[in-house]
Amino acid sequence: MQSTTGGKTLRIVTPEQAAALVQPGQWLDYATGFNQPDLFDRALAARAGELHDVNIRNCLSMRPRAVLEADPDSRVFRVFNWHFSGYDRKQHDAGRVSYIPCNLGEIPDYYRRFVDRVDIAVMKAAPMDADGFFNIGPLCLWHPAVIERAKVLVLEVAPRMPCVVGPEVRVHRSHVDFIIEGEDGPMPELPNAEATEVDRAVARLIANEVEDGACLQVGIGGMPNAVTTLLLHSGVKDLGIHTEMLNDGLVELYRAGRVSGARKATDRGLVTYSFALGSQATYATLHDNADFMCRTVDATNLPDIIAANDRVVAINNTTQIDLQGQAASESDGHRHISGTGGQLQFVRGAYASKGGKSFICLASTYERKGVRKSRIVPALTTGNIVTTPRSDMMYVVTEYGIANLKGMSVPERAKALIGLAHPDFREDLSREARERGIIPRSLF
């Protein structure tokens with residue numbers, strides 16, 4: 001079927017016809033989150049018996065990918081991922097997905113300078129509007145750079161895709177090669193983890209540091225969400241938002257009237273974000289809402305752009321910190337669990353912001369196989385990846401307190417971090433710090 005509305009003929013094809021375009025050795029892009037195609041993915045998986053050496057880049061899969069389920073030994077489809085979801089992590093554990101190291105805000109530049117090929121890009125979009133534009137929804141990220149580089153662009157039309165406001169979220173029909181009529185189902189949601197008492201204790205410490213007019217960036221997880229909940233019930237006002245990920249907590253602050261953006265230097269009066277994942281209520285709030293500005297990730301995450309705003313408050317999680325202040329936020333030894341994402345860029349941008357503050361938060365302990373262990377350690381687990389270097393670390397927060405490591409010597413840092421550890425581990429940490437020479441025996 002063909003549509004000739006607006007000049008160029010749009011070729012409307014079945015998922016099977018679109019999947020038939022794929023040839024051995026090609027590089028495909030599946031986009032991110034709920035921009036990833038479903039019908040095309042299933043149709044491509046059905047061709048597993050006749051293809052080989054098909055390479056796919058994707059990010060944050062919100063649903064199982066048919067190409068992986070149909071090819072458990074990765075004999076046909078090789079998947080490369082910019083940042084893991086829980087599903088992606090399991091596929092990586094099974095040897096089916098490989099991580100691409102990156103600072104998320106640099107990825108548009110990677111496509112324009114370093115990625116050799118994008119043979120076919122496939123992503124979801126809202127139905128075409130009266131002016132001939134498709135809206136790719138609240139996940140702009142690096143998608144415009146992918147579209148720019150792609151030899152063939154296939155859009156899988158999703159009737160319930162939120163249409164959002166942003167300079168690069170719309171794709172004109174003249175850039176589209178094929179259209180698939182997609183399923184009329186809701187966009188996948190990202191459930192909010194229930195905040196624990198530890199999360200709330202950390203959140204209280206951070207919330208006390210947030211001033212009127214602060215410009216927020218909040219990462220994913222129970223602790224950052226707990227901070228937004230506390231801010232919702234505090235007296236803080238006139239907030240700005242300039243973030244990579246827009247979550248339910250930030251949107252609730254907006255709906256409660258706590259966000260004005262009036263003191264921002266960039267996108268004054270607007271909520272700036274690069275992608276949104278959360279509830280249907282959040283997606284409904286974003287739909288055609290001119291108070292929100294969805295931008296590419298190089299317009300949200302580059303430190304100089306972040307720092308243009310005063311009083312930036314960046315709140316991010318980690319899983320392990322050593323006594324010198326190195327944070328490992330993306331791996332568990334040699335096991336990759338998530339990605340660098342925007343953490344390092346927002347740490348640096350917040351530090352460079354006038355009056356800015358960067359918070360790396362974590363629970364002091366975790367439990368594995370019934371054994372409680374400290375997340376603050378003398379040395380990182382072998383194989384662990386440093387996400388935020390010690391030289392960039394500012395505030396560290398656990399349920400036992402908050403410490404600003406800027407300007408501290410190595411022994412001072414170690415002492416401060418030991419004070420943030422669970423009391424049951426402090427004596428051993430102090431002993432090991434002295435044995436390793438992190439704290440000279442002549443000091444403290």
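For the structure itself, consult the block above.
Residues numbered from 1 in each chain as written. Predicted model: local features only at pLDDT ≥ 70, side-chain atom pairs only at ≥ 80, totals over all residues. Heavy atoms only, no water.

Draft legend 1. Geometry of the environment of Ser353. Within the secondary structure, Ser353 is located in the loop between α12 (343–352) and β23 (357–361). When the C-alpha positions of Ser353 and Gly219 are compared, they lie 18 Å apart, and in sequence the two are 134 residues distant. In this structure, Ser353 is in contact with Ala307, Asn309, Asp310, Arg311 and Val312, ignoring residues within four places of it in sequence. From its side chain, Ser353 meets the backbone nitrogen of Val312 in a polar contact 3.1 Å long. (Helix = DSSP H or I, 4+ residues; strand = E, 2+ residues; numbered from the N terminus. Contact = heavy atoms within 4.5 Å. Polar contact = N/O pair within 3.5 Å; in protein donor to acceptor, adjacent residues only side chain to side chain.)

Draft legend 2. The sheet that holds strand β12 (residues 215–218), seen in detail. Read across the open sheet, the six strands follow the order β13-β12-β18-β23-β27-β28; overall the sheet is mixed. Only two strands of the sheet have a single partner each, and these edge strands are β13 (240–241) and β28 (401–404). Direction of pairing for β12 relative to β13: parallel, over a ladder of two bridges. The partner of Cys215 across the bridge, within β13, is Gly240. Helix-sheet contacts for α12 involve β12, β18 (312–317) and β23, and the interaxial angle to β18 is about 150°. (Pairing = 2+ DSSP bridges. Axes fitted to C-alpha atoms, helices over the stretch in contact; angles between N-to-C directions.)

Draft legend 3. Layout of helix α14 (residues 423–435). For α14, the full list of buried residues reads Phe425, Leu429, Ser430 and Ala433. Taken together, the buried residues of α14 touch β24 (365–368), β25 (371–374), β26 (376–377) and α13 (410–420). Directly beyond the C-terminal end of α14, a positive phi value near 80° is found at Gly437. (Buried < 20%, exposed > 50% of the residue type's maximum accessible area, 1.4 Å probe, protein only.)

Draft legend 4. Looking closely at the pattern of salt bridges. By the definition in use, this model includes 29 salt bridges. A salt bridge links Arg75 to Asp73; the shortest N-O distance between them is 3.8 Å. Each member of the pair, Arg75 as well as Asp73, carries the same accessibility label: exposed. Of the charged contacts, one joins Arg112 and Glu148 as a salt bridge, the two residues approaching to 3.1 Å between their closest N and O atoms. Taken together, the residues span a long stretch of sequence, with Arg112 in helix α5 (residues 107–113) and Glu148 in helix α6 (residues 143–149) at a distance of 36 residues. (Salt bridge = Lys/Arg side-chain N within 4 Å of Asp/Glu carboxyl O.)

Draft legend 5. View of helix α9 (residues 248–255). For α9, the buried fraction is high: six of the eight residues fall into the buried class. Its side-chain oxygen placed 3.2 Å from the backbone nitrogen of Gly249, Asn247 serves as the N-cap of α9. Positive phi shows up at Gly257, right after α9, with a value of about 85°.

Draft legend 6. A look at the packing of aromatic side chains. Tallied over the entire structure, the rule returns 11 aromatic pairs. Ring geometry for Tyr254 and Phe292: centres 4.6 Å apart, planes at 70°, overall edge-to-face. Note that Tyr254 is positioned in helix α9 and Phe292 in strand β17 (residues 292–294), a separation of 38 residues in sequence. Assessed through its relative accessible area of 19%, Tyr254 is described here as buried. With a centroid separation of 4.8 Å and 20° between ring planes, the pair formed by Phe359 and Tyr395 is classed as stacked. (Phe/Tyr/Trp six-rings, centres within 6.5 Å; stacked < 30°, edge-to-face > 60°.)

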